[in-house]
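# Observations on the model geometry
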Amino acid sequence: MSDTVSNSFFESSKGWKSWLFTLDHKRIGIMYLFSIMVAFGLGGFFALLLRLELLSPAQFFLTAKQYNQVFTLHGAVMVFLFIIPSIPASLGNFFLPIQLGAKDVAFPKLNLLSWYIYIFGALFSIFSMVNGAVDTGWTFYTPYSSTTDTSVILMTLSAFILGFSSILTGVNFMATVHKLRAPGMTWFRMPLFSWGIYATAVIQVLATPVLALTLLLLVAERVIGIGIFDPSLGGDPVLFQHFFWFYSHPAVYIMILPAMAIMSELVTTFCKRNIFGYTFIAYSSISIAVISFLVWGHHMFVSGQSEFVSMLFSLLTFLVAIPSAIKVFNWITTMYQGSISLKVPFLYFLSFIFLFSIGGFTGVVLGTLSLDVHLHDTYFVVSHFHYVMMGGTVIAFLGGLHYWWPKMFGRMYNEFWARISAVLIFLGFNITFFPQFIMGAKGMPRRYYSYLLEYHPFHVASTIGSWFLGIGFIIMLVYLIHSLRFGRRSPANPWGGITLEWQTTSPPPLENFLKDPVVDNDPYDYEKVEIDESGKRCN
Amino acid sequence: MSQANVVTNKHHFAHHFASASHEFETCKLGMWFFLAQELLFFSGVFVMYAVFRYFYPEMFIEAHHHLSWKLGALNTVLLITSSFTMVMGVRAAQLRKSRECFWHLTATFMFALGFMVVKGIEYSAKIHHGLVPSIWFNAPGVNETLPIFFGCYFFMTGLHGIHVLVGMGLLFWLMIRAYRNEFSTGYFTPVEMVGLYWHLVDLIWIFLFPLLYLIG
Amino acid sequence: MSNNDHFIVPVSTYLSTFLALIFLTVLTVVVAQFDFGPFNIAVALFVACIKASLVIGFFMGLHWDRGFIAAFFLSSLLAIALFFLFVFADVGFRGATEVKEKGKFGIKSPVKLIDDADRYHSTH
């Protein structure tokens, strides 16, 4: 056991310079992990603030304008600073090379640069928050965003900067998957986590530049008034929405594909079974990436776009649900006759199946033209995307974090408190967001500072649920930090997984493996691969 | 060329690659991915152009009369020539002909500089005539939506111009390295990568030229 | 360690590509003097695409690289094409159903359609 400590990448060099100038994807992944968790805390703080204000329809402690700013910042921080980088930049950075049997990502210096760009963008956005925080909603719709007096330019420029970080990460991961797979690891022997990260990277590379351009056009509109979004000059404000959603719809698949990728890992390891329908899941990741570019207009059904294109987008939106559904069916089928182990990561898997399914179904509801006319810009939409983004991505991220924590840090967290936290988060999430479906269907609009008394009980329930969530996350923060110093040292393979990361030490050595791996099996082939009690491969 | 920096055929490739060739191929792949995103980046301005040309066809025809197609054509020739000298520079680096490489890169840089000078002439002429976006627009014209064209024009060519400037910076960096003999058959990756970027810059202009200068 | 798989392209290939590009530039200008009506843009873009193919194929080396790079590049072109397509599916069909709505197309509900804005304002 002592070589698991002395061999680890943490020991290979020490001091703050060894972190800030590192080229090691594992250290970069951890720096990202820390950064996105801070971002999540900030975004969560804004969420708690706005839910507190909404406890009563009367003004509590925020003016109407401040309320607009708080929900905008909640959205912008959560989307750009937390969820887009979240899984790929932290867990993807750490585990993509290891799962592929590589020593690092394709371009380590670019990787470090991506992190620095992220930090610069984050600081820039914080600067904009304290200098006239935007109140446009995270979607920056024109004409309000081209005319409001808040610091739209600063915030959009920070999103522009953050976009570069995302693009460079995407380029890096795509090249890594193409070129750095270990001998014997064909495309169809890659773990599904790697497939998911790859599909995400494709979207990051192709979609993000359009957002970059859109934000620049918005800045140009404000600074030189080119007039393309201003009807009085001959422009078209709906054009902004087309440009914006051309990125932002694929962006939500950047958010969910890595989450789904983690699910495949969790279900196989904690059911000790080969994944059902590996090829289908792999191809569904790619088809989600492709179809995601074809549905953006479903955010714009009532914007004034032509009815013809609305019908097109609605049809395509139904199509995009299919590959996601295939994945959910395959995961559930994988559980059948498996040897299920209800460890904390698997609790998150089960939460995901339930919550993401609800989110997915309600997405199809919203994709139905006639229903969307009624539900657009209500709390139904808010609840839908929280079910997929939080109930989906965040839950999956937590599952992956708890799964891979022992591998990354060589320490186990306290299982009891982790279960408490998982349950609190699951309950808190549903109490917060389920009432929002109901009040949304009853007509409660989103982004509203005040409301009619008939919605009051729903808002109260929602706010109370947010407190459960907050407590659940605080407990998690405490036991995770505690584990870093005082947690029981973890073995190389605490869960009995058979993907490559479990065949190296916890934490891994600097070059990821003590011996260069050669692959001769499918990633989840529990029938072929045998591991002994210590988790080491023995055949 | 400096004797102190003679490069052997042994390039020290990064530790996670199997060979220098592996590193080169990976860098090339990565660069193409980056170029794909540059393409998507510029695609937005072309969509914007297309939408407004669709909305206001006569305005676009009127507007293009204010642009000098001769200067536009000159710029096109300058960029195409620079693309040629660039690719010759890559070839020279491949063949370990450092001096030839240096001069090709310098030629590319000079053509790029020429492009920017012509651009500068065009811009100052526009500004002088008040053919500028929105609030400062100050020129006679039949169509009241004329400022939109010039907003598009400045934005599209300005964005392209920034990319040319970045390219010039990269070329300058390469010129220094070529002068120092740093490229050879075993290692010419940076030249190839900048070359690919430079060709993309040329590509964008190949489309900008007819769409902005030769309407109707 | 040399890049053995990367062969050296002859100067003649580059030179002929360059000359073809110059010729096509001249052609672009010449062709713009003629009016093809609605096909003006198509003709200009067609010539531009030929020039682009030459740059991509011979200067950027895609002619010899092929494989995934070409496929990925084509996919990005496809994404751009879809961007255009859908934006024009919107912009080109705006107001298409208003004709039907003015005919009060089969509406049977008791909802009163407000088609006189002044009347609306005067009663509210």
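Residues numbered from 1 in each chain as written. Chains lettered and ligands numbered in written order. Predicted model: local features only at pLDDT ≥ 70, side-chain atom pairs only at ≥ 80, totals over all residues. Heavy atoms only, no water.

Within chain C one finds 6 helices and 0 strands. Counted from the first residue to the last, chain C has its helices and strands arranged as α-α-α-α-α-α. By the burial criterion, 33% of the 124 residues in chain C qualify as buried. Taken as a whole, chain C presents about 7,800 Å² of accessible surface, with 70% of it coming from carbon and sulfur. (Helix = DSSP H or I, 4+ residues; strand = E, 2+ residues; numbered from the N terminus. Buried < 20%, exposed > 50% of the residue type's maximum accessible area, 1.4 Å probe, protein only. Areas by Shrake-Rupley, 256 points an atom, 1.4 Å probe, with all protein chains shown as cover.)

Next up on the list: the overall build of chain A. In terms of helices and strands, chain A carries 17 helices and 0 strands. Against the globule reference of 24 Å for 539 residues, chain A gives a C-alpha radius of gyration of 23 Å, in line with a compact fold. Viewed in the frame of its principal axes, chain A has a C-alpha envelope of about 70 × 45 × 45 Å. A burial count over chain A gives 65% of its 539 residues as buried. Taking as baseline every contact in chain A between residues at least 6 positions apart, the subset at least 24 positions apart corresponds to 81%. Accessible area of chain A: about 18,700 Å², with a carbon and sulfur share of 70%. Charge-centre separation for chain A: the mean point of 29 positive side chains lies 8 Å from the mean point of 26 negative side chains. (Rg over C-alpha atoms; globule rule 2.2 N^0.38 Å. Contact = heavy atoms within 4.5 Å. Lys, Arg positive; Asp, Glu negative; His and termini not counted. Charge placed at Lys NZ, Arg CZ, Asp CG, Glu CD.)

All names here are of chain A. Examined against the element boundaries, Ser-383 turns out to sit in helix H15 (residues 379-409). Looking at Ser-383, the relative accessible area reads 0%, which means it is buried. In this structure, Ser-383 is in contact with Phe-433, Gln-436 and Phe-437, ignoring residues within four places of it in sequence.

Let's shift gears to the nonpolar core. Residues A:Phe80, A:Trp331, A:Phe352, B:Met48 and B:Phe149 are the most contacted members of the largest nonpolar core, which totals 301 residues. The contact partners of A:Phe80, leaving out residues within four places of it in the chain, are A:Pro85, A:Trp138, A:Phe140, A:Ala159, A:Leu162, A:Leu211 and A:Tyr247. (Core = buried A, V, L, I, M, F, W, Y, C linked by side-chain atoms within 4.5 Å.)

So, about the interface of chain A and chain C. Each partner contributes to the interface: chain A provides 24 residues, whereas chain C provides 14 residues. Here chain A packs against chain C, burying approximately 1,600 Å² in sum over the two surfaces, 79% of which is carbon and sulfur. There are 1 salt bridge connecting chain A and chain C. For the pair chain A and chain C, the interface holds 5 residue pairs in polar contact (both at pLDDT 80 or more). Considering every element that reaches the side of chain A that touches chain C, the biggest residue donor is helix H12 (residues 307-335) of chain A, with 6 residues. Here the residues of the side of chain A that touches chain C are counted per class, giving 17 nonpolar, 5 polar and 2 charged. (Buried area = accessible area lost by both parts, 1.4 Å probe. Salt bridge = Lys/Arg side-chain N within 4 Å of Asp/Glu carboxyl O. Polar contact = N/O pair within 3.5 Å; in protein donor to acceptor, adjacent residues only side chain to side chain. Nonpolar A, V, L, I, M, F, W, Y, C, P; charged D, E, K, R; others polar.)

On to unusual backbone geometry, then. In most cases, non-glycine residues show a negative phi, while peptide bonds are predominantly trans. All names here are of chain A. Here Thr-142 and Pro-143 are connected by a cis peptide whose omega angle stands at 0°. In this structure, Pro-143 sits in the loop between helix H6 (108-129) and helix H7 (144-147). Put simply, Ser-506 and Pro-507 share a cis peptide bond, and its omega is -10°. We note that Lys-272 has phi near 50°; this positive angle belongs to a residue other than glycine. The phi dihedral of Asp-377 falls on the positive side, at around 60°, and the residue is not glycine.

With that settled, consider helix H5 (residues 86-100) of chain A. Residues and elements named next belong to chain A. In this model H5 runs 20 Å from its N-terminal to its C-terminal C-alpha over 15 residues, within 8% of the 21 Å that 1.5 Å per residue would give. Its maximal kink placed at Gly-92, H5 deviates by approximately 60°. Judged by how many residues are buried, H5 sits mostly within the fold: 15 of 15 residues are covered. Once H5 finishes, Gly-101 follows within two positions and takes phi at roughly 80°, a positive value. (Expected span 1.5 Å × (residues − 1). Bend = angle between axes of the 7 residues up to and from the residue.)

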